[in-house]
Amino acid sequence: MKGVIFTELFGLIEQTQGEKFLDDLIDACDLPSCGAYTSVGTYNYSEMQTLVTELSKRSGLPAADLLEKFGFHLFKRFHLLYPNLFVDHTCPLHFLTQVELVIHKEVLKLYPEAELPSFNTVAKSTNSLELEYRSKRGLAPLALGLIKGCLAHFGSMGTVTMEVWEEGYNAVLFKIRLNP
Ligand code: HEM
């Protein structure tokens, strides 16, 4: 998993819980990288699982809720970090259809070792979209937060539901509907 995801998670934890909380969390996790991430580095995905599990224990919140909150925050950060990927976009639904076709392809050019999920558009109309998510990393709750962050970014109101197809969040169906 790319370091940018870890550094952004740490940024959010530090901002909301403080530096000491983050230092204690890192100490408790006993991570192979010792938590010394750089945004361009690549780390084992299991470190993200360890961090989120420990965070869940310490906050009392389910891991899926934490990942969703992180995803919402991450979308805003992606806009700041990779503004060129947002050029020409005005519609959140169109943006979401481009994640698989264009955006993650650009991510792979930047970071050839990135491990990305697959998004398949299964239904689409002017105000709704159904997206199938598949990944062996099971980060669908992160995607849920990113999708909600995408709607908020474009100033759109609507509903996003996640139908879990496989235990472990490896395959889910997102139904996104914008308010008329
Ligand atoms: C400009 C927007 C975006 C950028 C720059 C971006 C970039 C990235 C990067 C760098 C990773 C890490 C890959 C790795 O760790 O090896 C990633 C993973 C991921 N992205 Fe995106 N992404 C964007 C938009 C989105 C959106 C809108 C969604 C949801 C629909 C999404 C869903 C995910 C998920 C769920 C992962 C975790 C990996 C997995 O589930 O297997 N991304 N993305």
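Scope of this entry: the structure provided in the associated data block. A quick note: this is a predicted structure, and the numbers were derived from the prediction, not measured. (Residues numbered from 1 in each chain as written. Predicted model: local features only at pLDDT ≥ 70, side-chain atom pairs only at ≥ 80, totals over all residues. Heavy atoms only, no water.)

A look at the site of the ligand
Rules: Whether a residue is near a molecule or strand is decided by its heavy atoms; if any one of them lies within 4 Å of it, the residue is near. N or O atoms closer than or at 3.5 Å make up a polar contact, with two conditions inside protein: a donor-capable atom paired with an acceptor-capable one, and, for residues adjacent in sequence, both atoms drawn from side chains. A helix here means a DSSP run of H or I that spans at least four residues, while a strand means a run of E at least two residues long, and both kinds are numbered starting from the N terminus. Classes in brief: Ala, Val, Leu, Ile, Met, Phe, Trp, Tyr, Cys and Pro nonpolar; Asp, Glu, Lys and Arg charged; the others, Gly included, polar.
In the vicinity of the ligand, 26 residues are found, and the nearest of them are Lys2, His104, Glu115, Tyr133 and Ser135. The side chain of histidine 104 places a nitrogen or oxygen atom 3.0 Å from a nitrogen atom of the ligand. Within the side chain of arginine 137, an N or O atom sits 2.8 Å from an oxygen atom of the ligand. Of all the elements in the fold, those that place two or more residues in the shell around the ligand are α4 (63-81), α5 (92-110) and α6 (140-153). Tallying contributions element by element places α5 first for the shell around the ligand, with six residues. Residues that form the shell around the ligand fall into these classes: 21 nonpolar, two polar and three charged.

Focus on the nonpolar core
The following threshold applies: Definition used in this section: a nonpolar core is a set of buried Ala, Val, Leu, Ile, Met, Phe, Trp, Tyr and Cys residues joined via side-chain atoms within 4.5 Å. The classification of residues rests on relative accessible area computed with a 1.4 Å probe and restricted to protein chains. Under 20% of the type maximum is buried, over 50% is exposed, and intermediate values are partly exposed. Residue ranges assigned to the domains are those given by an automatic or database domain assignment. Note on contacts: a residue pair qualifies if any of its non-hydrogen atoms lie within 4.5 Å across the two residues.
Formed by 54 residues in total, the largest nonpolar core has its most connected members in Met48, Leu51, Phe95, Leu96, Tyr133, Phe174 and Ile176. Mapped by element, the contributors of at least two residues to this core are α1 (3-17), α2 (19-29), α3 (45-59), α4, α5, β2 (128-134), α6 and β4 (171-178). If you count residues domain by domain, this core takes at least three from each of domain 1 (3-61) and domain 2 (66-178). Apart from the residues within four sequence positions on either side, isoleucine 176 is in contact with Leu93, Leu96, Asn127, Ser128, Leu129, Leu131, Ile147, Leu151, Thr159 and Val160.

With respect to the coordination of the iron atom of the ligand
Rule in force here: With water excluded from the atoms, a metal site may look incomplete; its donors are any N, O or S atoms within 2.8 Å, or within 3.2 Å for Na, K and Ca.
Protein coordination of the iron atom of the ligand rests on one atom only, His104 (NE2), at 2.1 Å. When you line up the elements, histidine 104 lands in helix α5.

Focus on unusual backbone geometry
Phi is positive for aspartate 30, which is not a glycine, with a value near 50°. Relative to the helices and strands, aspartate 30 resides in the loop between α2 and α3. Even without being a glycine, aspartate 88 presents a positive backbone phi close to 75°. The residue aspartate 88 is located in the loop between α4 and α5 in this model. Since its relative accessible area comes to 76%, aspartate 88 is described here as exposed.

A look at the packing of α1 against α4
Quick note on the threshold: Only the stretch in contact is used when fitting a helix axis, every axis being a line fitted to C-alpha atoms; angles between N-to-C directions are given from 0 to 180 degrees. Any angle that falls under 35 degrees is termed roughly parallel, while one over 145 is termed roughly antiparallel, one within 65 to 115 roughly perpendicular, and all others oblique. Note on convention: the crossing is left-handed when the near helix lies turned anticlockwise from the far helix by less than a right angle, right-handed when the turn is clockwise.
Close contact between α1 and α4 brings their axes to 10 Å; oriented N to C, the two are set at 115°. It follows from the interaxial angle that α1 and α4 lie roughly perpendicular. In the crossing of α1 with α4, the sense of the turn from one axis to the other is right-handed. Each of Val4, Ile5, Glu8, Leu9, Leu12 and Gln15 in α1 lies in contact with α4, whose residues at this interface are Phe70, His73, Leu74, Arg77, Phe78 and Leu81.

Here we look at the environment of threonine 16
The topology assignment puts threonine 16 in helix α1. The spacing of threonine 16 and glycine 71 is 55 residues in sequence and 15 Å in space, taken between C-alpha atoms. One polar contact links the side chain of threonine 16 to the main-chain carbonyl oxygen of leucine 12, over a distance of 2.8 Å.

Quick word on the packing of aromatic side chains
By convention here, two paired aromatic rings are described through the distance between centres and the angle between planes. Convention followed: Stacked, edge-to-face and tilted labels apply to pairs of Phe, Tyr and Trp rings (six-membered ring for Trp) whose centres lie within 6.5 Å, assigned for plane angles under 30 degrees, over 60, and everything in between, in that order.
Inspection of every chain in the model, using the stated rule, returns ten aromatic pairs. Ring geometry for phenylalanine 6 versus tyrosine 37: centroids 4.2 Å apart, planes at 20°, classification stacked. Here phenylalanine 6, found in helix α1, pairs with tyrosine 37, found in the loop between α2 and α3; they are 31 residues apart in sequence, far enough to count as distant. We note that phenylalanine 6, like tyrosine 37, is buried. In this structure an aromatic cluster arises from ring pairing among Phe6, Phe10, Tyr37 and Tyr43.

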